[in-house]
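These are the residues of each chain, in order.
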Amino acid sequence: MKLEDLKQRPAGEPMVWLTAMGLALGTVMVVCLLWVIFVNGITVFWPKPVYQLELDANSTHRVSAETNVFAGAISMDREITGADDGTREYQFFVGNKDIYGFMYKFVPQADLVESDRTKLTQPKDIMVAERLEYGNAIFYPVSMQLGTNEVLRAETPDFTTKLYALVEECNERRAKYTALEKKDIGRINHAIRKIDIQIKALTANKTTKEVQADAALTAQIDAKEKEKEKWNAEYEILAKQAEEMREAQEKDSLTYRLVTGEEKTLPLGDFVHIYQPNQFGFGDKVGFFVSQFWGFLSENPREANMEGGIFPAIFGTFVMTVLMSIAVMPFGVLAAIYLREYAKDGLFVRGVRIAVNNLAGVPSIVFGAFGVGFFIYMAGGTIDRLFFPDYVASKVPYFGTGGILWASLTLALMTVPVVVVSTEEALAAVPRAVREGALACGASKWQTIQRVVLPASAPGLLTGLILAMARGAGEVAPLMLVGVVKLAPELPIDSVAPFIHLDYKFMHLGFHIYDVGFQSPDSEAAKPMVFATTFLLILLVVVMNLAAILIRNHLKKKYSTSAF
Amino acid sequence: MTTLMSEPETQETSKPQPADQTAAGSTEDKAVNDSETLIEVKDNFGFNYGSTQVLFDLNLRIPNRKVTALIGPSGCGKSTLLRCFNRMNDLIDGISHTGDITIGGQSIFDPALEIISLRKKVGMVFQKYNPFPKTIYENVVFSLRVSGRNNKALLDETVERSLRRSALWDEVKDRLHESALGLSGGQMQRLCIARAIANEPEVILMDEPCSALDPIATGKIEELIDELKTDYTIVIVTHNMQQATRVSDRTAFFYLGKLIEYGETTKLFTNPQEKRTEDYVSGRFG
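Quick look at the overall build of chain B
Here is step 1 of the chain: The number of helices and strands found in chain B is 13 helices and 10 strands.
Here is step 2 of the chain: Looking at chain B residue by residue over its 286 residues, the buried ones come to 54%.
Here is step 3 of the chain: Summarising the internal contacts of chain B: among those between residues at least 6 apart in sequence, 69% fall at separations of at least 24.
Here is step 4 of the chain: For chain B, the accessible area works out to roughly 11600 Å², and carbon and sulfur atoms hold 48% of it.

As structure tokens, this is what we get:
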């Protein structure tokens with residue numbers, strides 16, 4: 001026995017490295033993707049310091065034609081493309097779109113005056129304001145006009161405290177009148193719309209003369225009109241209340257001056273949040289971050305989805321995914337049971353199985369088109385004809401148009417293969433001994449499946465559900481055809497009877513990303529929104545999957561067969 | 001009975017011709033007489049998986065309220081025969097049989113017979129314990145539940161009776177509503193026995209019930225079999241010849257799908273009439 005012989009390496013060892021490399025590559029890609037989304041999505045909410053800087057006299061990168069001075073927060077810091085000497089340029093968020101016409105400005109480091117190149121100055125008193133329109137403003141306050149005659153100068157010691165308190169008051173008032181408009185006035189609008197459709201249905205296909213000639217019809221219409229008037233009267237009262245509150249928003253106003261010298265006066269009701277980022281300690285920053293993040297989660301979008309929160313999109317995605325799961329699970333599981341347990345293996349069954357598997361490879365937009373044709377026109381149209389003749393007569397589709405129900409069913413159809421395949425696998429994994437045990441006790445085949453096989457394969461079924469949810473929640477293309485909209489005025493579940501509105505159009509995170517990222521005029525401003533929305537979509541999918549995984553683990557503990 | 005035993009074996013040694021088989025049957029009649037017989041395999045029972053024949057020309061009578069052991073080397077068809085008794089083989093595609101099996105005089109291949117009703121009369125315990133992923137209680141009452149009997153008092157009574165009968169009651173009475181999967185292997189097998197007797201069957205089929213158990217658990221199951229035979233007819237397939245001698249009253253030795261020798265256990269083990277039986281029970285092959 002020679003050492004040389006013993007040093008022979010076993011065959012195939014390098015393959016281990018190859019497999020490890022494959023896994024490592026995949027992991028690195030996934031981690032990088034998640035990291036980029038996470039960092040970019042989460043830093044949107046972290047307050048950034050605002051700098052006041054001066055440009056060289058001959059710089060071409062002025063923010064304002066009048067002066068070399070400008071203020072902004074750095075949103076990007078990069079090497080100039082093509083520069084070999086490592087000179088850098090900054091992208092500043094300068095805000096004040098209403099005055100400058102843009103919100104972002106690239107400034108090369110070399111264009112800054114000598115002193116600013118080494119140390120960027122952060123003025124303490126500079127303020128940043130989130131507004132209802134035109135995005136953020138960066139300014140120094142000048143004065144506040146309280147009511148018609150009282151003026152509070154910015155130099156007054158309690159100026160900022162007072163300003164913040166008044167803005168907070170405006171926010172509360174805004175919340176109140178939005179709730180009023182959404183809930184109560186929304187309910188009235190619903191009722192009025194319904195009556196309108198009924199009236200339209202009554203007069204459909206009839207000329208004015210015919211209507212006037214028919215006394216019974218006229219009486220009917222009059223009754224409806226009376227009903228409508230009653231609602232209108234109620235509406236007037238509420239609308240007046242809302243109007244009063246809206247007017248109160250205009251009562252006080254703030255005059256501010258930009259770093260570049262322009263002055264502007266805005267009513268306090270136009271501000272959402274005013275803060276001084278350069279005075280923030282760490283605690284303040286964390287607090288700001290939390291409140292911004294929460295606002296993003298819980299608020300409605302503003303300004304063509306570019307500002308504000310994305311709550312309707314989160315909610316829409318969630319409701320759609322839940323509806324999809326409710327639709328796909330029974331359907332897929334029953335199909336899989338027949339396929340695995342009852343169907344005799346043969347050419348036909350094999351064909352069905354191949355077809356089901358290939359269904360997973362059909363482009364999702366095809367499912368969207370099918371959804372329009374089958375669900376919306378055929379199913380929806382039939383439902384309208386059978387149950388909502390008023391809507392058909394007045395040519396307003398009720399179910400015969402895109403909505404959350406049709407979107408969910410379309411996605412359910414798309415994810416059926418996932419559920420069928422994983423259910424089949426789960427059923428096949430139930431040990432034969434357990435089935436035989438049940439049959440030997442005198443159980444019929446169905447009883448065996450129902451009482452023993454299905455509970456034992458429940459964890460596997462949930463795996464199918466998890467995969468289906470992950471696929472369904474992230475899908476965008478088919479949804480654009482079957483009910484997703486850029487801005488949905490109402491949520492699919494609300495406080496107006498019948499509470500769950502399956503016919504409503506809805507917002508969706510995936511579509512929101514597409515809309516904000518690729519359909520908005522200001523792509524720079526959209527970038528942080530896109531990252532944050534993507535981050536939230538992934539978070540939502542993760543949370544829903546975690547819930548399913550927890551249930552699955554619970555079931556596994558309960559049903560895991562120690563035998564085999 | 002013992003003297004009669006020798007005769008079929010001699011028949012087996014000679015060419016198994018139809019006439020001899022009938023003769024074997026007739027001698028068996030004396031071995032297990034009509035009144036004692038519960039299960040009868042007759043008319044040269046044969047069994048095929050597709051085109052492969054696995055059982056040939058079987059004729060035997062299994063006595064009521066006795067333990068009958070089926071022994072033989074792997075692949076000899078003893079499990080197949082056992083699974084014919086409750087028609088468990090029906091799960092497999094392409095099976096066919098010749099001849100007949102009767103239980104209590106009733107042919108089990110009668111087209112009018114419901115397999116489910118048959119299985120309620122013929123319980124089965126499997127090689128590997130296979131409790132359902134349910135509570136101990138639900139495991140025992142499973143057969144009642146599937147026949148639609150959900151009366152709480154009846155179920156409770158059945159659980160206690162079956163668990164007592166399978167000598168498990170004292171060990172599990174405080175955790176009837178916990179998962180059956182938390183029991184030890186031996187306990188699970190006794191639970192499976194309790195499950196099989198909950199329905200009050202006439203016959204209990206046991207397919208190597210102790211092969212997955214340690215010696216202590218095996219001992220308990222064997223004791224249990226001994227007790228159960230007062231009320232039930234037990235047919236047990238075993239690889240363990242000591243076990244066959246310990247628990248069974250009668251033993252049938254199978255080889256390559258044929259019944260080689262069938263008789264009283266003590267007789268078959270101490271004084272086998274057949275060379276192959278002798279070789280097998282003395283451990284020379286198998």
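Describing the overall build of chain A
Here is step 1 of the chain: For chain A, the helix and strand inventory stands at 18 helices and 12 strands.
Here is step 2 of the chain: Computed over C-alpha atoms, the radius of gyration of chain A comes to 31 Å, more than 25% over the 24 Å expected from 2.2 N^0.38 for 564 residues, which places it beyond the range of a compact globule.
Here is step 3 of the chain: With respect to the principal axes defined by its C-alpha atoms, chain A has extents near 110 × 90 × 40 Å.
Here is step 4 of the chain: Restricting to contacts in chain A with at least 6 residues of sequence separation, those with at least 24 account for 68%.
Here is step 5 of the chain: Of the roughly 29400 Å² that chain A leaves accessible, carbon and sulfur atoms contribute 63%.

What about the sheet that holds strand E4 (residues 95-103) of chain B?
Residue and element names in this part refer to chain B.
Here is step 1 of the chain: Strand order across the open sheet formed by four strands is E2-E1-E4-E5, with antiparallel pairing between neighbours. Every other strand in the sheet has two partners, leaving strand E2 (52-63) and strand E5 (106-107) as the edge strands with one partner each.
Here is step 2 of the chain: Examined bridge by bridge, strand E1 (residues 37-49) and E2 share eight bridges and lie antiparallel to one another. Counterpart to Tyr49 in the pairing with E2 is Thr52.
Here is step 3 of the chain: Along the sheet, helix H3 (residues 78-85) contacts E1, E2 and E4; its crossing angle with E1, the most-contacted strand, is approximately 120°.

Re the pairing of strand E1 (residues 51-54) of chain A
As a general feature of sheets, a regular strand has side chains that alternate between the two faces.
Residue and element names in this part refer to chain A.
Here is step 1 of the chain: What you see with E1 is a clean split: Tyr51 and Leu53 sit on the buried side and Gln52 and Glu54 on the side with no burial.
Here is step 2 of the chain: Two elements, E1 and strand E2 (residues 69-79), share four bridges in a ladder whose sense is antiparallel. Note on E2: the bridge partner recorded for Leu53 is Phe70.

Quick word on the domain arrangement of chain A
Residue and element names in this part refer to chain A.
Here is step 1 of the chain: Assigned domains within chain A: domain 1 (3-44), domain 2 (160-299) and domain 3 (311-558).
Here is step 2 of the chain: The centre of domain 1, based on its C-alpha atoms, is set 34 Å off from the matching centre of domain 3.
Here is step 3 of the chain: Counting residues at the interface gives eight residues for domain 1 and six residues for domain 3.
Here is step 4 of the chain: Each partner contributes to the roughly 600 Å² buried at the junction of domain 1 and domain 3, and carbon and sulfur atoms together form 92% of this total.
Here is step 5 of the chain: In this assembly, domain 1 and domain 3 are joined by zero salt bridges.
Here is step 6 of the chain: The interface formed by domain 1 and domain 3 includes zero residue pairs in polar contact (both at pLDDT 80 or more).

Re the sheet that holds strand E3 (residues 88-93) of chain A
All names here are of chain A.
Here is step 1 of the chain: The sheet built from four strands is open, its strands ordered E1-E2-E3-E4 with antiparallel pairing. In this open sheet, the two strands that pair with only one neighbour each are E1 and strand E4 (104-108). With direction set aside, neighbouring strand axes in the sheet form an average angle of 55°.
Here is step 2 of the chain: Strand direction decides the pairing type here: E3 and E4, joined by five bridges, are antiparallel. Pairing of Phe93 across the sheet is with Tyr104, part of E4.

As for the state of the cysteines
Here is step 1 of the chain: Evaluation of the coordinates by the stated rule reveals zero disulfides over all chains.
Here is step 2 of the chain: This cysteine, Cys441 of chain A, is not joined by any disulfide, and Cys192 of chain B carries the nearest cysteine sulfur, 8.5 Å off.

With respect to the packing of helix H10 (residues 347-359) of chain A against helix H13 (residues 404-429) of chain A
Residue and element names in this part refer to chain A.
Here is step 1 of the chain: Contact pair H10 / H13: the axes reach a minimum separation of 8 Å and the direction vectors enclose 130°. The angle between H10 and H13 places the two elements in the oblique class. Like other packed secondary-structure pairs, H10 and H13 cross with a definite hand, here left-handed. Across the interface between the two elements, Arg353, Val356, Asn357 and Leu359 of H10 pack against Pro417, Val420, Val421 and Glu424 of H13.
Here is step 2 of the chain: For the contact of H10 with H13, the residue count by class is five nonpolar, one polar and two charged.

Describing unusual backbone geometry
Residues and elements named next belong to chain B.
Here is step 1 of the chain: Positioned with a positive phi, Ala167 is a non-glycine residue whose angle comes to about 55°.
Here is step 2 of the chain: If you trace the backbone, Ala167 turns up in the loop between helix H7 (152-165) and helix H8 (169-172).
Here is step 3 of the chain: The exposure class assigned to Ala167 is partly exposed, which follows from its relative accessible area of 42%.
Here is step 4 of the chain: We note that Glu200 has phi near 50°; this positive angle belongs to a residue other than glycine.

Considerations on the interface of chain A and chain B
Here is step 1 of the chain: Taken residue by residue, the interface counts 23 residues in chain A and 26 residues in chain B.
Here is step 2 of the chain: Between chain A and chain B lies a buried interface of about 2000 Å² when both sides are counted; carbon and sulfur atoms form 65% of it.
Here is step 3 of the chain: Among the residues of chain A in contact with chain B, Ala440, Cys441 and Arg451 of chain A are the three that bury the most area, contributing 27% of the side total.
Here is step 4 of the chain: Viewed at the interface, chain B and chain A are joined by one salt bridge.
Here is step 5 of the chain: Between Glu436 of chain A and Arg83 of chain B there is a salt bridge; the shortest N-O distance is 2.5 Å.
Here is step 6 of the chain: Elements supplying a minimum of two residues to the side of chain A that touches chain B: helix H14 (432-440), helix H15 (445-473) and helix H18 (523-559) of chain A.
Here is step 7 of the chain: The element that contributes the greatest number of residues to the side of chain A that touches chain B is H14 of chain A, accounting for eight residues.
Here is step 8 of the chain: Taken together, the residues of the side of chain A that touches chain B sort by class into 12 nonpolar, seven polar and four charged.

As for the pattern of salt bridges
Here is step 1 of the chain: Within the structure shown, the criterion is met by 32 salt bridges over all chains.
Here is step 2 of the chain: The closest approach of N and O atoms between Arg190 of chain B and Glu171 of chain B, which form a salt bridge, is 2.9 Å. Residue Arg190 of chain B is located in helix H9 (residues 185-197), and its partner Glu171 of chain B is located in helix H8; the two are separated by 19 residues in the primary sequence.
Here is step 3 of the chain: Taking the relative accessible area as the measure of exposure, Arg190 of chain B reaches 5% and is therefore buried.
Here is step 4 of the chain: It is possible to trace a salt-bridge network through shared partners that takes in Asp98, Arg131 and Lys264 of chain A.

Digging into the environment of Ile466 of chain A
All names here are of chain A.
Here is step 1 of the chain: Considering the arrangement of structural elements, one finds Ile466 in helix H15.
Here is step 2 of the chain: Overall, the relative accessible area of 10% leaves Ile466 in the buried class.
Here is step 3 of the chain: Between the C-alpha atoms of Ile466 and Phe282, which are 184 residues apart in sequence, the distance is 39 Å.

Things to note about the packing of aromatic side chains
Here is step 1 of the chain: Enumeration according to the criterion identifies 35 aromatic pairs over all chains in this entry.
Here is step 2 of the chain: Ring centres 6.1 Å apart and planes at 70° place the aromatic pair Phe399 of chain A and Trp406 of chain A in the edge-to-face group. When sorted by exposure, Phe399 of chain A lands in the same class as Trp406 of chain A, which is buried.
Here is step 3 of the chain: Aromatic side chains Phe47 of chain B and Tyr49 of chain B sit 5.4 Å apart centroid to centroid with 85° between the ring planes, which places their arrangement in the edge-to-face category.
Here is step 4 of the chain: Given a relative accessible area of 28%, Tyr49 of chain B falls into the partly exposed group.
Here is step 5 of the chain: Over the ring of Tyr262 of chain B we find Arg250 of chain B; its NZ or CZ atom is 4.5 Å from the centre of that ring.

Calculation rules
Residues numbered from 1 in each chain as written. Chains lettered and ligands numbered in written order. Predicted model: local features only at pLDDT ≥ 70, side-chain atom pairs only at ≥ 80, totals over all residues. Heavy atoms only, no water. Helix = DSSP H or I, 4+ residues; strand = E, 2+ residues; numbered from the N terminus. Buried < 20%, exposed > 50% of the residue type's maximum accessible area, 1.4 Å probe, protein only. Contact = heavy atoms within 4.5 Å. Areas by Shrake-Rupley, 256 points an atom, 1.4 Å probe, with all protein chains shown as cover. Rg over C-alpha atoms; globule rule 2.2 N^0.38 Å. Pairing = 2+ DSSP bridges. Axes fitted to C-alpha atoms, helices over the stretch in contact; angles between N-to-C directions. Domains from an automatic or database assignment. Buried area = accessible area lost by both parts, 1.4 Å probe. Salt bridge = Lys/Arg side-chain N within 4 Å of Asp/Glu carboxyl O. Polar contact = N/O pair within 3.5 Å; in protein donor to acceptor, adjacent residues only side chain to side chain. Disulfide = S-S within 2.5 Å. Parallel < 35°, antiparallel > 145°, perpendicular 65-115°, else oblique. Left-handed = near helix turned anticlockwise from the far one by under 90°. Nonpolar A, V, L, I, M, F, W, Y, C, P; charged D, E, K, R; others polar. Phe/Tyr/Trp six-rings, centres within 6.5 Å; stacked < 30°, edge-to-face > 60°. Lys NZ or Arg CZ within 6 Å of the ring centre and 35° of its normal.

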